[in-house]
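Observations on the model geometry
In case you want the letters, here they are:
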Amino acid sequence: MALLQIAEPGQSPQPHQRRLAVGIDLGTTNSLVATLRSGLAESLKDTEGETILPSAVRYLPDGRVEVGRAAKAAAAVDPLNTVLSVKRLMGRGIADVKLLGEQLPYRFAEGESHMPFIETVQGPKSPVEVSAEILRVLRRRAEEALGGELVGAVITVPAYFDEAQRQATKDAARLAGLDVLRLLNEPTAAAVAYGLDRGAEGVVAIYDLGGGTFDISILRLTRGVFEVLATGGDSALGGDDFDHAIANWIVEQAGLSADLDPGVQRHLLQLACAAKEALSDSGSVALAYGPWQGELSRERFEALIEPLVARSLKACRRALRDAGIEPQEIAAVVMVGGSTRVPRVRRAAAELFDRQPLTDIDPDQVVAIGAALQADTLAGNGRDGEELLLLDVNPLSLGLETMGRLMEKVIPRNTTLPVARAQEFTTYKDGQTAMLIHVLQGERELVKDCRSLARFELRGIPPMVAGAAKIRVTFQVDADGLLNVSARELGSGIEASVQVKPSYGLTDGEIARMLKDSFEYAGGDKAARALREQQVEAQRLLEAVQAALEADGEALLSPAERAAIEAQMQALRGVLDGPDAAVIETHVRHLTQVTDAFAARRLDASVKAALSGRRLNEIEE
Amino acid sequence: MGNASHFALFDLEPDFRLDQDRLAVRYRELVRRVHPDRFAGAPEREQRLALEEAARLNEAYQTLKSPSQRARYLLSLQGEELSQETTVQDPAFLMQQMELREELQELQDSADLAGVARFKRRLVQDQEQLNEGFAACWADPRRRDEAERLARRMQFLDKLFAEVRQLEERLDD
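Remember, it's a predicted structure, so these values are computed and weren't measured experimentally.

A few points about the overall build of chain B
When you go through chain B residue by residue, the secondary structure sums to seven helices and zero strands. In terms of overall dimensions, chain B is more spread out than a globule: its C-alpha atoms have a radius of gyration of 20 Å, far above the 16 Å expected for 173 residues. For chain B, the spread of C-alpha atoms along the principal axes amounts to about 60 × 50 × 25 Å. In chain B, buried positions account for 47% of the 173 residues. Within chain B, counting contacts between residues at least 6 apart in sequence, those at least 24 apart form 67% of the total. Accessible surface, chain B as shown: approximately 9100 Å² in total, 46% of it carbon and sulfur. Charge centroids of chain B, computed over 27 positive and 35 negative side chains, lie 4 Å from each other.

Comments concerning the environment of Val228(A)
Residue and element names in this part refer to chain A. On the secondary structure map, Val228 appears in strand β15 (residues 225-234). What makes Val228 buried here is its relative accessible area of 3%. Placed 137 residues apart in sequence, Val228 and Gly91 show a C-alpha to C-alpha distance of 24 Å. Setting aside chain neighbours within four positions, we find Val228 in contact with Thr188, Ile218, Leu219, Leu391, Asp392 and Val393.

Section: unusual backbone geometry
All names here are of chain A. The omega torsion across Leu417 and Pro418 is -5 degrees, close enough to zero to call that bond cis. Tracing the backbone shows Pro418 in the loop between β21 (406-411) and β22 (419-425). A positive phi angle, close to 55 degrees, is found at Arg405, a residue other than glycine. Residue position: Arg405 is located in the loop between β20 (398-402) and β21.

Notes on the domain arrangement of chain B
Residue and element names in this part refer to chain B. The domain boundaries assigned to chain B delineate domain 1 (6-65) and domain 2 (91-172). The C-alpha-based centres of domain 1 and domain 2 are spaced at 30 Å. Taken together, the contacts link four residues of domain 1 with six residues of domain 2. For the pair domain 1 and domain 2, the summed buried area comes to about 390 Å², and 69% of that belongs to carbon and sulfur atoms. Inspection of the domain 1/domain 2 interface yields zero residue pairs in polar contact (both at pLDDT 80 or more).

Thoughts on the packing of aromatic side chains
All names here are of chain B. Tallying each qualifying case throughout the model produces nine aromatic pairs over all chains. Through pairs of rings, three or more aromatic residues link up here, namely Phe10, Tyr27 and Tyr61. The ring centre of Phe16 lies 4.7 Å from the NZ or CZ of Arg70, which sits over that ring.

Looking at the interface of chain A and chain B
With 51 residues of chain A at the interface, the matching set in chain B holds 44 residues. Summing both partners gives a buried area of about 4400 Å² for chain A against chain B, and 52% of it is carried by carbon and sulfur. Residue Asp172(B) pairs with Arg321(A) through a salt bridge whose shortest N-O separation is 4.0 Å. Linking chain A with chain B are eleven residue pairs in polar contact (both at pLDDT 80 or more). In terms of residue count, helix α14 (residues 581-611) of chain A provides more of the side of chain A that touches chain B than any other element does, eleven residues in total.

Points about a negative patch on the surface
Residues Glu99(B), Glu102(B), Glu106(B) and Asp109(B) make up a contiguous surface patch of negative charge. One can find Glu102(B) in helix α5 (residues 91-110).

Let's talk about the pairing of strand β11 (residues 152-157) of chain A
Across a regular strand the side chains alternate sides, sitting on one face of the sheet and then on the other. Residues and elements named next belong to chain A. Buried residues dominate β11, accounting for six of its six residues. Burial along β11 is two-sided: the residues Gly152, Val154 and Thr156 and Ala153, Ile155 and Val157 are all buried. Here β11 pairs with strand β12 (residues 180-185) via five bridges, running parallel. Within β12, the position partnered with Val157 by the bridge is Asn185.

Here's the deal with the UniProt feature "domain: J" in chain B
The positions that UniProt labels "domain: J" are, in the present scheme, residues 5-77 of chain B. Here residues 5-77 of chain B is 71% helix and 0% strand, with 8 Å between the C-alpha atoms at its ends.

Considering the domain arrangement of chain A
Annotation of chain A at the domain level lists domain 1 (21-390), domain 2 (393-506) and domain 3 (524-611). Inter-centroid distance (C-alpha atoms) of domain 1 of chain A to domain 3 of chain A is 40 Å.

Let's talk about the sheet that holds strand β6 (residues 65-67) of chain A
Residue and element names in this part refer to chain A. With antiparallel pairing, three strands are arranged side by side in an open sheet as β6-β5-β7. One side of each edge strand has no neighbouring strand; the edge strands of this open sheet are β6 and β7 (82-84). Put simply, the sheet's adjacent strands are angled 15 degrees from each other on average, direction ignored. In this sheet, β7 lies alongside strand β5 (residues 56-59) in antiparallel orientation, the contact comprising three bridges.

Remarks on the pattern of salt bridges
Evaluation of the coordinates by the stated rule reveals 53 salt bridges over all chains. Note that Lys276(A) is salt-bridged to Asp243(A), the shortest N-O span being 3.0 Å. In this pair, Lys276(A) sits in helix α7 (residues 262-278) while Asp243(A) sits in helix α6 (residues 239-253), placing the two residues 33 residues apart along the sequence. Accessibility assignment for this pair places Lys276(A) and Asp243(A) in one class, buried. Within the structure, one salt-bridge network assembled from shared partners comprises Arg318(A), Asp322(A), Lys409(A), Arg413(A), Glu443(A), Arg165(B) and Glu169(B).

Regarding helix α9 (residues 343-353) of chain A
All names here are of chain A. Counting buried positions along α9 gives eight out of eleven residues, so the element sits mostly inside the fold. Those residues of α9 lying buried are Pro343, Arg344, Val345, Ala348, Ala349, Ala350, Leu352 and Phe353. Tucked inside the fold, the buried residues of α9 contact β13 (202-209), β14 (214-222), α6, α8 (298-323) and β18 (332-336). Note on α9: the residue one or two positions beyond its end, Asp354, has a positive phi of about 60 degrees.

Notes on the sheet that holds strand β24 (residues 451-458) of chain A
All names here are of chain A. The antiparallel open sheet is built from four strands, whose spatial order is β21-β20-β23-β24. On the outer flanks of this sheet lie β21 and β24, each paired with one strand and no other. Taken over all neighbouring pairs, the strand axes of this sheet differ in orientation by 30 degrees on average, direction set aside. Relative to β21, β20 runs antiparallel, the two sharing five bridges. By the bridge assignment for β21, Gly399 is matched with Lys409.

Describing helix α6 (residues 113-137) of chain B
Residue and element names in this part refer to chain B. In this model α6 runs 37 Å from its N-terminal to its C-terminal C-alpha over 25 residues, within 8% of the 36 Å that 1.5 Å per residue would give. Taken residue by residue, α6 has Gly115, Val116, Phe119, Leu123, Leu130, Asn131, Phe134, Ala135 and Cys137 as its buried positions. Elements in contact with the buried residues of α6: α4 (67-77), α5 and α7 (144-171).

Rules used throughout
Residues numbered from 1 in each chain as written. Chains lettered and ligands numbered in written order. Predicted model: local features only at pLDDT ≥ 70, side-chain atom pairs only at ≥ 80, totals over all residues. Heavy atoms only, no water. Helix = DSSP H or I, 4+ residues; strand = E, 2+ residues; numbered from the N terminus. Rg over C-alpha atoms; globule rule 2.2 N^0.38 Å. Buried < 20%, exposed > 50% of the residue type's maximum accessible area, 1.4 Å probe, protein only. Contact = heavy atoms within 4.5 Å. Areas by Shrake-Rupley, 256 points an atom, 1.4 Å probe, with all protein chains shown as cover. Lys, Arg positive; Asp, Glu negative; His and termini not counted. Charge placed at Lys NZ, Arg CZ, Asp CG, Glu CD. Domains from an automatic or database assignment. Buried area = accessible area lost by both parts, 1.4 Å probe. Polar contact = N/O pair within 3.5 Å; in protein donor to acceptor, adjacent residues only side chain to side chain. Phe/Tyr/Trp six-rings, centres within 6.5 Å; stacked < 30°, edge-to-face > 60°. Lys NZ or Arg CZ within 6 Å of the ring centre and 35° of its normal. Salt bridge = Lys/Arg side-chain N within 4 Å of Asp/Glu carboxyl O. Patch = residues over 30% accessible without salt bridge, like charges linked within 9 Å, V, L, I, M, F, W, Y side chains within 5 Å. Pairing = 2+ DSSP bridges. UniProt positions renumbered as here; feature names shortened; annotations may be inferred. Axes fitted to C-alpha atoms, helices over the stretch in contact; angles between N-to-C directions. Expected span 1.5 Å × (residues − 1).

In structure tokens form, the structure reads like this:
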């Protein structure tokens, strides 16, 4: 993905320096960081000139942590302290991990939040902490390359990640000291990079088979707007499964016992992975393990992975149905993710969509590049009115438990985000004063087959006869795909709400402890960082308000209102360079309060402006 | 934007016949202005407002895009919500519903994919007929009962379509 020229000759909406923002592809096997420099999107290299950082983390007895190639190389000799493919564990409980259906060469311990912690020589580590190590390396790489502090990052996640997996990714970024501008779905990121690079329009399908996850997204591209029509996938299907299939075959052929020690497991997986890669170019590959020698033909390999490929095709057909699109309406099929190098995978996609898929875009880098492009827009570096816009969907249905342990869908899958939707319920017993709200995610009808996201209670409902109370439950999903649920009894106005914290996420206590442990926050550094963050926040607000005043102050504010805002700005500027984060915060809050109404009026005016210059008779036939 | 109708939001006259392409163009123009991505660096309050506006816009767009939801919405604009009960006082339709469901059951039992495709094509034709019928009568207050009946039939067909999709998924296993 060499030349991605964005027509933007040094233009910036405000006369301040360019804000440093990056896109991060936090992958199962490999991770990358990319950014936009003088209009060109590029992946950033480490000091040795490498862009790809293997997603491998090794905990050493002396307290050091190795990330990347060195850690990956040590996986077979130090399997218990070296974590590979940690993404497969994100947002999952111990029971889920066992359902992954393979032996993982780790020892697990359960934390207070039922998340699987990996026992290492440095103590138990959660998947979130392990991921944070990878993100931290990429953050430092970016800060060194760009010579400054980042305003934030767009981090990509598989489109089919559920609420818990998304929240876990955000938590990892927080631990790594990164401000997340947006979680972006990987196939959407790929579509952005592909679409802008080729100037593509129309309906495209992104087939994204990575190390541990599979996504299919169908998008409509219209002049810079990327509208996801449907997405589907399997968050536990990827190249790792191909490796496991080959490793199991070796175990069988070599007559090894199924109960292998972790070092042997790692070794076999490495053998399997090398064989898989070799089979992309040759018809067969020779294998040896101990005294056993054998040969794996491409046909045999394809037979081994056939059930896995079939799973991906099934998800494709479902996404097509959800999008209401026939295969022949698709203008292009783009292959993303390292596992699409496997010839059988390419052939399968070609057959399903009845066209040759595009494989000339670097499948390893395209996601990070797309994320960098969006990060640049979100950081405010884009040109007004022409920046790209991504309209994504929720991959899984969201709903509530109703009578009979049934799941009632409130927001069906593939609904455009953001979305807010309300449903009304009532009491079923006379005098009932509380109601349990059980929030679920999934496509199945029975509660037990769906993922339980949260439970909370609405209390203090005035006693009434059964069916008289009216309880409105509102679901709101933001642009990151994260859910908020609130419930309100309409007669009394009693209210309760939760920021959904998935059962398998970290508890707030665990996060607090990890933040404290993280050396980036040690001692006085913590206070310094808080002050710095507050100053950045204040500066950002001042710039935003200044720009808003210049654009619309005249039209939308009375002289008195404007004077009040300007006075508050002056006050904030006065404390900005002071040593006290709390004082700055107070002034930020005051300024936000006086600009409240102005903000609402601007949004309103903006929408009216989009429609202005048109009359009804113009838009009727 | 306050409580303006979904139609007014898109600067359209309330009507059942709607130019879908024009609606889509208008939607993209509007959502560019209010999408939370445009407010990533803005104060929290503005971000929240943008989230609410974008959600409202998406809701309006979804409602107008779907003929059955648009029909229902038009009726509600005339003052009265369409009640939830579906088949009351429409015995002919009740019969037809039962027949269609039986047919779907048979298709499932015989795992007949070609039959499912034919069944779907028939439903699409039925849908088009209902749309024609509704377009002709919804604006006339004297024909409100007829319009309501057609709107309910549309909703039923929507549900049947969803069931067909589920069946296709099961047959895909």
